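Notes for the structure review
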Amino acid sequence: MFKGKRSLINLLALVTAWALAWGATAGDRVEGARIWPAPDHTRLVLDVTGPLQHNIFSLSGPSRLVIDLSNASLKADLDNLDLSGSPIKRIRSAPRNGNDLRVVLDLKSDIKPRSFQLEPNQQYGHRLVVDLIDESGSRLEQATRPTVTQDSAGKRDVIVVIDAGHGGEDPGAIGPRGTREKDVVLKMAKTLEALINKQPGYTAKLTRTGDYYVGLRNRTLLARKYNADLFVSIHADAFRTPQPKGASVFALSQRGATSETARWLAQSENRSDLIGGTGGVSLEGRDDMLAGVLLDLSMTASINASLGVGSSVLGKLDNVAELHKPGVEQAAFVVLKSPDIPSILVEAGFISNPQEEKNLASDWYRSRLAGAIMDGIEDYFRKTPPPGTLLAWQKQNGKGGNDVSQYRIQRGDTLSQLAKENQISVNELMRFNGLRDDRVMVGQTIRIPAS
């Protein structure tokens, strides 16, 4: 009995040792790869079977990036990756030191590399991420002087920066039918951009124009680069159960403002940044106490303005969608933490709710939401236009609001009837409101240009 038990223990020990040895020999596998080109960087993502040790380094003459993966093998086909729009000319790979893998990127120019690993999410497993950063900025759109609308008497436009959440390797929330938040909000952001750019006295900019990821801090930096008067981040909410629904609008909380003030004071490079967006109070050369007071004043003013425009947007959304909460909510979202730019975050609905997922996947519904956001923005800035803008000049000279009127759809109304009454074509009315078809709903607000 004793000998039999000892034999069984020895057998189990041998099996365990063999399994461990096999696992060490087998190592991790690279099972897939994706490339996400962005204006200022390109992201290479390698799907791996688990966390792994890696090392990256650059070589010049010619430009190359070497990625060494310890105890790993390649099972993905890197030859079929689409390298267009990236600085990568070719990808080569080969085994190294018996159990290791070396991947070499032949580059068109020098880049700054950065790498990190990601845990599994709803869509992907373990991943190794390698960013190729364009330090020269040659691919970045540069902000120059303020934009001026034609025939605006030289007065600058109100600049609205629209931020489509997530992107690239970050899909955001995923609905029960597989609808991805990153796709929905980008389409909606582009619709809103088109609506804003049609309005005299307004210019819209996007933080991302395609399927790539922009860091949360970089989104607010882009808003500052464009001298934004307003930052609007668009998302689609999610919950662990399918019941919650409705649109929401958020502004920064006071608690978030306090932590952000401390962060700005702690980072010396922020001292040279202007507080006031298009020009205001500089922190450069100020002592901590005075800089803290200036930041607190600026943050308080930005939060108050954010609550104002947020309330206006929420009121217009109430005409076209169900609201999750009746008032503007406040939270410490990173993208809202700009001390000098009024910022709001719009949750277009719950993508985890089957009906709202279906709505958000519809061009028609997204256009209605974008139109409501535009109406809210316009309503706010008509009442409180930034100094030096065309809207401020129009208000001062009693000329504001004559180019556009708003109409709330009543029972029995049709778009063709409204077009006829206002002596414009149905197509023109659809284009002006970002509509994909001529359907309208009772309670919907549409904008009508002056004939």
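As annotated in an unreviewed UniProt entry, the chain is N-acetylmuramoyl-L-alanine amidase AmiC from Marinobacter pelagius. Per UniProt, the comment on the chain under Catalytic activity (unreviewed entry) is "Hydrolyzes the link between N-acetylmuramoyl residues and L-amino acid residues in certain cell-wall glycopeptides." Turning to the chain, the UniProt record has this under Subcellular location (unreviewed entry): "Periplasm".

Helices and strands together make up the secondary structure of the chain, namely 10 helices and 19 strands. The 451 residues of the chain split such that 49% are buried. Counted over contacts in the chain with a minimum sequence separation of 6, partners at least 24 positions apart contribute 70%.

On to the packing of aromatic side chains, then. Tallying each qualifying case throughout the model produces 2 aromatic pairs. Ring centres of Phe 250 and Phe 333 lie 5.3 Å apart, and the angle between their planes is 90°; on these two criteria the pair is classed as edge-to-face. Taken together, the residues span a long stretch of sequence, with Phe 250 in strand 13 (residues 248-252) and Phe 333 in the loop between strand 16 (329-331) and strand 17 (343-350) at a distance of 83 residues. Among the residues examined, Phe 250 registers a relative accessible area of 11% and is labelled buried. Taken together, a centroid distance of 5.3 Å and an interplanar angle of 75° make the contact between Tyr 380 and Phe 381 edge-to-face. One exposure class covers both Tyr 380 and Phe 381, and it is buried. Note that Arg 219 overlies the ring of Tyr 213, its terminal NZ or CZ placed 5.3 Å from the centroid.

Before going further, it helps to examine helix 3 (residues 216-225). Within helix 3, the full set of buried residues consists of Arg 219, Thr 220, Leu 222, Ala 223 and Arg 224. Following helix 3 by one or two positions, Asn 227 adopts a phi angle in the positive range, close to 55°.

The next subject is the sheet that holds strand 6 (residues 88-96). With antiparallel pairing, 4 strands are arranged side by side in an open sheet as 3-4-7-6. A single partner strand is all that each edge strand has here, and the edge strands are strand 3 (54-59) and strand 6. On average, each strand axis in the sheet is tilted by 15° relative to the strand beside it, whichever way the strands run. Summarising the sheet, strand 4 (residues 64-69) and strand 7 (residues 100-107) pair through 6 bridges and their orientation is antiparallel. Note that in strand 7 the partner of Val 66 across the bridge is Val 104.

Gly 61 connects to Pro 62 through a cis peptide bond whose omega is 0°. Among the secondary structure elements, Pro 62 is positioned in the loop between strand 3 and strand 4. Positive phi is not limited to glycine here, since Asn 97 has a value of about 55°. For Asn 97, the location among the structural elements is in the loop between strand 6 and strand 7. Assessed through its relative accessible area of 61%, Asn 97 is described here as exposed. Positioned with a positive phi, His 166 is a non-glycine residue whose angle comes to about 65°.

With that settled, the discussion passes to the nonpolar core. Counting 45 residues, the largest nonpolar core has Val 160, Ile 162, Ile 196, Val 313, Leu 317, Leu 369 and Ile 377 as its most contacted members. Secondary-structure elements contributing two or more residues to this core are strand 10 (158-164), helix 2 (181-198), strand 11 (202-206), strand 12 (230-237), helix 5 (288-317), strand 17 and helix 7 (363-383). The element contributing the most residues to this core is helix 7, with 9 residues. Once residues within four sequence positions are removed from consideration, Ile 377 is found in contact with Val 160, Ile 196, Tyr 202, Leu 230, Val 232, Val 309 and Val 313. One finds Leu 44, Leu 105, Ile 111 and Val 130 within the second-largest nonpolar core, a separate group that totals 25 residues.

Considering all chains together, one arrives at 19 salt bridges under this definition. Notably, a salt bridge pairs Arg 90 with Asp 106, separated by 3.1 Å at the nearest N-O pair. Residue Arg 90 is found in strand 6, and its partner Asp 106 is found in strand 7; the two are separated by 16 residues along the sequence. Here Arg 156 makes a salt bridge to Asp 229, at a shortest N to O gap of 2.9 Å. Placement of Arg 156 in the loop between strand 9 (127-133) and strand 10 and of Asp 229 in the loop between helix 3 and strand 12 is noted, with a sequence separation of 73 residues between them. What makes Arg 156 buried here is its relative accessible area of 13%.

With that settled, consider the pairing of strand 9. Among the 7 residues of strand 9, 6 are classified as buried, and the element is accordingly described as predominantly covered. In this sheet, strand 9 lies alongside strand 2 (residues 41-48) in antiparallel orientation, the contact comprising 7 bridges. By the bridge assignment for strand 9, Leu 44 is matched with Val 130.

Time to look at helix 2. Helix length check: helix 2 (18 residues) gives 26 Å between terminal C-alpha atoms against 26 Å at 1.5 Å per residue, within 8%. Turning to helix 2, its buried residues number three or more, namely Glu 181, Lys 182, Val 184, Val 185, Leu 186, Met 188, Ala 189, Thr 191, Leu 192, Leu 195 and Ile 196.

Rules used in this analysis
- Residues numbered from 1 in each chain as written.
- Predicted model: local features only at pLDDT ≥ 70, side-chain atom pairs only at ≥ 80, totals over all residues.
- Heavy atoms only, no water.
- UniProt positions renumbered as here; feature names shortened; annotations may be inferred.
- Helix = DSSP H or I, 4+ residues; strand = E, 2+ residues; numbered from the N terminus.
- Buried < 20%, exposed > 50% of the residue type's maximum accessible area, 1.4 Å probe, protein only.
- Contact = heavy atoms within 4.5 Å.
- Phe/Tyr/Trp six-rings, centres within 6.5 Å; stacked < 30°, edge-to-face > 60°.
- Lys NZ or Arg CZ within 6 Å of the ring centre and 35° of its normal.
- Pairing = 2+ DSSP bridges.
- Axes fitted to C-alpha atoms, helices over the stretch in contact; angles between N-to-C directions.
- Core = buried A, V, L, I, M, F, W, Y, C linked by side-chain atoms within 4.5 Å.
- Salt bridge = Lys/Arg side-chain N within 4 Å of Asp/Glu carboxyl O.
- Expected span 1.5 Å × (residues − 1).

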